[in-house]
Amino acid sequence: MRPLRTTSREFWPFVAALALITVMFIYAYTIQLSQGLGVTGLNDITIWGVYIVNFIFFIGLSHAGIAISAAVRIMNLHRYAPIARMAEVLTLASLMMAGLSIVIDLGRPDRAYLLVVNFASRIGASPLLWDITAVATYLILSTTYLYLPMREDLAVCRDNFTGWRKKMYEITLPGYEAGEEKVIKRLAWWMAVTILPVMVMVHTTVSWIFSLLSNRPLWFGAAAGPYFIAAAVASGIASVVVIAAIVRKLFHWEDLLPPAIFRGLGNFLSVITLIYLYLMLVEQFTARYAGPAGELFVSEAWLFGSYATLFWSITTIGLVLPCVYLLVQAFRPGKVSITGTSVFSLLIVIAMWFKRYIIIVPTLTEGGSPLQTYVPSWVEITILGGSFAALALIYTILLKLIPIIEMEEPPHE
Amino acid sequence: MSFKKGKLIIFLLFISMSVAVVLGDPEGAEDYKGTGYCLSCHVEPMVDWIPSPHSKAFSDPEFQEEYLKLGSPESCLSCHTTGFDEEDGTFVYEGVTCEECHGPGDTMNRDTSPELCANCHSGPYPTYEEWKDSGPSHLSATCTLCHDQHTAELLAETPTEMCSSCHGTHLEDVEETKHGEVGVECAECHMYVTPPDFEEGIPGSTGHDFVMTSEELDCQTCHDRTLSKHDVLGVSEFACLSCHGEIHSLELELINKDVLPMNDSVLLCAQCHNERYTSWEQGTHGKPEDPEAQCVECHDPHNPVIANIPTLPVIPERRPPAGPSIPLTTAFIVIVGILGLAIVLLRWR
Amino acid sequence: MSKINRRDFVKALAAVGVVATLGKISGKSVKDVTSEVSRKSAKGLYPAAEQGVRYAMMIDSGACIGCRTCLHACKLENNVPDEPSNMEWIDLFEMENTRPVSEIHGMPPADSSTDYTESPREGHWYLSFNCFHCENPPCTKVCPTGATYQDDDGLILINYDLCIGCRYCMAACPYNARQFNWWDPVYPPSRVSPIDGEIEPLNPKVPLRTRGVVEKCTFCAHRIRDDNPVPRCVEVCPVNARHFGDLNDSESEVSRLLETVRTHRIKEELNTQPMLYYFTRGVKWKDDGEKI
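This report concerns the structure included in the present document. (Residues numbered from 1 in each chain as written. Chains lettered and ligands numbered in written order. Predicted model: local features only at pLDDT ≥ 70, side-chain atom pairs only at ≥ 80, totals over all residues.)

### Side note on the overall build of chain C
Then step 1. Scanning chain C from terminus to terminus reveals 8 helices and 12 strands.
Then step 2. A total of 292 residues make up chain C; the buried ones form 52% of that total.
Then step 3. Contacts in chain C between residues far apart in sequence, at least 24 positions, make up 69% of those at least 6 positions apart. (Helix = DSSP H or I, 4+ residues; strand = E, 2+ residues; numbered from the N terminus. Buried ≥ 20, exposed ≤ 12 C-beta atoms within 10 Å, placed from the backbone. Contact = placed C-beta atoms within 7 Å.)

### Describing the overall build of chain A
Then step 1. Helix and strand counts for chain A stand at 16 helices and 0 strands.
Then step 2. By the compact-globule yardstick of 22 Å for 413 residues, chain A fits well, its C-alpha radius of gyration being 22 Å.
Then step 3. Projected onto the principal axes, the alpha-carbon positions of chain A cover approximately 65 × 55 × 45 Å.
Then step 4. Within the span of chain A, comprising 413 residues, buried residues form 52% of the whole.
Then step 5. Contacts spanning at least 24 positions in sequence make up 82% of the contacts within chain A whose residues lie at least 6 apart. (Rg over C-alpha atoms; globule rule 2.2 N^0.38 Å.)

### Concerning the sheet that holds strand β11 (residues 242–246) of chain C
Backbone-to-backbone hydrogen bonds join strands into a sheet, with any given pair of strands oriented parallel or antiparallel.
All names here are of chain C.
Then step 1. In space, the 3 strands of this open sheet follow the order β11-β1-β12, with mixed pairing throughout. The two strands at the open ends of the sheet, each matched to only one other strand, are β11 and β12 (276–279). Neighbour-to-neighbour, the strand axes of this sheet turn through a mean angle of 20 degrees, independent of strand direction.
Then step 2. Across 4 bridges, strand β1 (residues 55–60) lies against β12 in parallel orientation. Looking at the pairing, Ile59 lines up with Tyr278 of β12. (Pairing = 2+ DSSP bridges. Axes fitted to C-alpha atoms, helices over the stretch in contact; angles between N-to-C directions.)

### Considerations on the nonpolar core
Then step 1. Counting residues in hydrophobic clusters, the biggest one holds 219 residues, and the most contacted among them are A:Ile68, A:Ile83, A:Met86, A:Leu90, A:Ala234, A:Ile237 and A:Val240.
Then step 2. Top contributing element to this core by residue count: helix α11 (residues 224–251) of chain A, with 17 residues.
Then step 3. In this structure, A:Ile68 is in contact with A:Tyr80, A:Ile83, A:Ala84, A:Ala87 and A:Val240, ignoring residues within four places of it in sequence.
Then step 4. Of all hydrophobic cores here, the second largest spans 5 residues; its members include B:Cys243, B:Leu252, B:Leu268 and B:Cys269. (Core = buried A, V, L, I, M, F, W, Y, C linked by C-beta atoms within 7 Å.)

### With respect to the sheet that holds strand β4 (residues 124–129) of chain C
All names here are of chain C.
Then step 1. Taken in spatial order, the 3 strands of this open sheet run β3-β2-β4, and their pairing is antiparallel. This sheet does not close on itself; its edge strands, each paired only once, are β3 (112–113) and β4.
Then step 2. The pairing of strand β2 (residues 91–96) with β3 spans 2 bridges and is antiparallel. When the sheet's bridge partners are listed, Met95 is paired in β3 with Ser112.

### Some words on the packing of helix α5 (residues 81–105) of chain A against helix α8 (residues 127–160) of chain A
Residues and elements named next belong to chain A.
Then step 1. Closest axis-to-axis distance for the α5/α8 pair is 10 Å, and the angle between their directions is 145 degrees. The handedness of the crossing between α5 and α8 comes out as left-handed. For the pair formed by α5 and α8, the contact residues are Arg85, Glu88, Val89, Thr91, Leu92, Leu95 and Ala98 on the first element and Val135, Leu139, Ser142, Thr143, Tyr145, Leu146 and Met150 on the second.
Then step 2. Of the residues assigned to the contact of α5 with α8, the class counts are 9 nonpolar, 3 polar and 2 charged. (Left-handed = near helix turned anticlockwise from the far one by under 90°. Nonpolar A, V, L, I, M, F, W, Y, C, P; charged D, E, K, R; others polar.)

### Description of the packing of helix α3 (residues 50–61) of chain A against helix α15 (residues 338–366) of chain A
Residues and elements named next belong to chain A.
Then step 1. Following both chains from N to C, one finds α3 and α15 inclined at 135 degrees, their axes separated by 9 Å at the closest point. One element, α3, and the other, α15, form an angle in the oblique class. Considering the relative orientation of α3 and α15, their crossing is right-handed. Residue-level inspection shows Ile52, Val53, Ile56, Phe57 and Gly60 of α3 in contact with α15, the latter providing Met352, Trp353, Arg356, Tyr357 and Ile360.
Then step 2. Here the residues of the contact of α3 with α15 sort into 8 nonpolar, 1 polar and 1 charged. (Parallel < 35°, antiparallel > 145°, perpendicular 65-115°, else oblique.)

### Some thoughts on the interface of chain C and chain A
Then step 1. Listed per partner, the contact involves 51 residues of chain C and 43 residues of chain A.
Then step 2. When residues of the side of chain C that touches chain A are traced back to their parent elements, those giving at least two are α1 (2–25), α2 (30–41), α4 (138–142), α5 (168–172) and β7 (179–180) of chain C.
Then step 3. Top contributing element to the side of chain C that touches chain A by residue count: α1(C), with 9 residues.
Then step 4. Of the residues contributing to the side of chain C that touches chain A, the split by class is 30 nonpolar, 13 polar and 8 charged.

### Some thoughts on the interface of chain C and chain B
Then step 1. At the interface, 36 residues of chain C touch 25 residues of chain B.
Then step 2. Where the side of chain C that touches chain B is concerned, the elements lending two or more residues are α3 (69–77), α7 (232–236) and β11 of chain C.
Then step 3. With 4 residues, β11(C) is the single largest residue contributor to the side of chain C that touches chain B.

### Re α11(A)
Residues spaced three or four apart along an α-helix face the same direction, because each turn holds 3.6 residues.
All names here are of chain A.
Then step 1. Relative to the 40 Å expected for 28 residues at 1.5 Å per residue, α11 spans 40 Å between its end C-alpha atoms, a close match to the ideal helical length.
Then step 2. Burial of α11 is extensive: 21 of the 28 residues sit out of reach of the surface.
Then step 3. One or two steps after α11, the chain reaches His252, where phi turns positive at roughly 55 degrees. (Expected span 1.5 Å × (residues − 1).)

### Examining the pairing of β11(C)
All names here are of chain C.
Then step 1. Most of β11 sits inside the fold, with 5 of its 5 residues counted as buried.
Then step 2. Alternating positions in β11 separate into two faces, Arg242, Phe244 and Asp246 on one and His243 and Gly245 on the other, with burial throughout.
Then step 3. Sheet topology places β1 next to β11; 5 bridges connect them, and they run antiparallel. Its bridge partner being in β11, Met57 is matched across the sheet by Phe244.

So this is what it looks like as structure tokens:
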């Protein structure tokens, strides 16, 4: 509850910086709204760029929430209970940013309501609508799932605060009864069971946006679902690790967030990253062995061509290195370096963003004659940075308003 | 005087006259009297003859030029002079004078047969041979039927009129054709003249076979028209006749002998270019603003290929995205830097 | 409380399911429902489609000299904007002779150029393409709002009022045949035609587009459904390299061409069944009468 009570001095410049970046983000978007999508570096060949990468990346981040919560509730790994809500708040914030990113990508965002109006006629056909349905469902369910168990903590807050905070907590607690925890616990368990397949379907439908297009080399393929889900879970868990480490340091919650959590998360991350590297290897090998022209061209671009520097630096520094470190850490008993784990997790998060970029852009530019190259314009980069800043801003504000760690459960191994 | 003196005088006279008879009248220059001799009685023929080509046969500058160029061969002189002696290569008079045809002096030969003309008009200028081969119908037309003996001109105003004296009805049809309207003479094609090649020994043609067998005579002799691409239709005039079916009328003729007017020639092109015709019918070829336009409105039928179609300009690249506003970016970076510094300083205090 | 929550949750799920299946249980396929929805709202944009007709276009890449007359004529006919969008509905590529039609890799094809200034050149052939109006189009399947649809006569059309500009159809098109309005399109009331220098006014029969929507070749739906037998590009080609017609009509040019010449379609293995065929029959001539 500490962040709710006290505000450190660094808080305000930090929020101000984030707010400023967010303002730049809004400014860049107004430029785009006034002039059109031509302000981006996109063209008729490279139709999707930074915005779609953002979209997929944020949806990937959102998988952390249910993954950890499911581990806690269904598999009774109560060790991770303290970070469960952190992860769910991350889910909420990143899904909001994902929705924002996709609206930013639209040529006519004022017509976004047509997605709902024509829903019935198009839902059987368009993977984009399946994705939107799944994400919307996931968002609603996750929010509910975040909110319901939080009610008792909000009640505690309501009791402990006065003034405007008390009013705020009262508004969020309609019809709260003291004994509802048991019912909610059961409900939450069932919800966790429901949300887990929804989470799988969310990122499967995201992968279907790309993998059902038979003409796109290295998009089209049957293994896109597991490929995307592995990346999503990896990036989500890694970002939860980073957030947990930061929060732990900031509020001195060393006892609430013991190193065991980080060790466990690190182990899981190493396995997931290993699985992801394995899937990448399989994909590249398939493309190169006797691949058709399109796959060969794109694979060439990834490994030896214009995207080679990016690809190899990301893979080695961002994926292989953290994987090795975390594996070593997993097998070595003794102290866990939280700094090390969080730094390498940050590397994984950054690598995952660039990996999404490498998945999306070379297929578009290299699938045929690269008549037009793609360089993200300043608008896109500002919006990219701004969406991360906005995510951090949302997270920070929520940190200040709701208890980020569940209070009732005493931390136990 | 006695009787004996009278007999001696008569005997001497008889002897001298016999000697004169025996030694006299050789075929030599003494017997040729010259045209002046004939003129004393035959004025009208002389008036006809003087401007004729016969009288100028030697003096004609063209003949002189050719004669000298060929090195003054004697073979020319046998026709171009009067009284040419083959043995010693001498001749009596220049040109074809009265005595060449009518005989020297008082011979006054009256032969008007073609064989007389054939003495000269044969060989390198094979008029006689051609006429002989010209078929039974023209054999009854001897030289003098068309030509005046002394002027050597035709016995009509124009060659066409001369032909029409027998071929009258045919000519009426031709007059209405293109060639007839323009005034092309029958003889221009049907009596096409080519000069002989004396060096190679190839005789020329004087067209008196009335048949167009000369390889040198084709449409391009008169029409300076080169066929490009459509020359594959045939050799020389056959290419022209593939479309211009009838040689006098030059009308456009289809293979089934239907005649097309000049301003509606599409079906003629369609005979060979049937795929293009289908395209034109369906609107995928031709002038967009005029779907009924004839082929020839764009394609010259003698040079139908349309090349040099200009290449139109490229569509330029899309306008690239504009850069950021520099002052705004600088201000932003500065402010964020200050805030970051503040955070770090506050944290490490 | 928990009961309410659970009930609400179940209700929400059921509602989603019902809405999703409404399209299916009403007896029509999703494609029909979509097309009807799009067609109803697109009534003002294009004339009504003829029934029983299947349009196809054939391009003779032997005859094509790459002069770009089709490109510019299409721009004038369909109000395709110039600066700053610089859009073209027809693309023309100069290909090396060593790469025949069957070996085109990628669209746009590798080893090709669009910025040639003189044509035709020795050793090159010219590839021209626009929307293929596929029989089994991948683009109409993926549109989330149903803005692009397949009409009864086989034309793939776009309802510009429904398009939200997500560009998914552009990702789905194997031929990169669609263009996007990245900027505000500028429609001057008249333009100078690069073909003949005449002043051409805006075509009132073709709807004007806004920024942020996708557009593409429509086989000149406003012409062929009205009184003109062929699209503008087919009409103006100076070498008769483009042919158009109704495949259901056995007397049409394209039906006869299908029977007589060996045609080829691009990326046929993707099962899009495009309606744009290529064949090589004509030849290119130089000014001196020689072939290129």
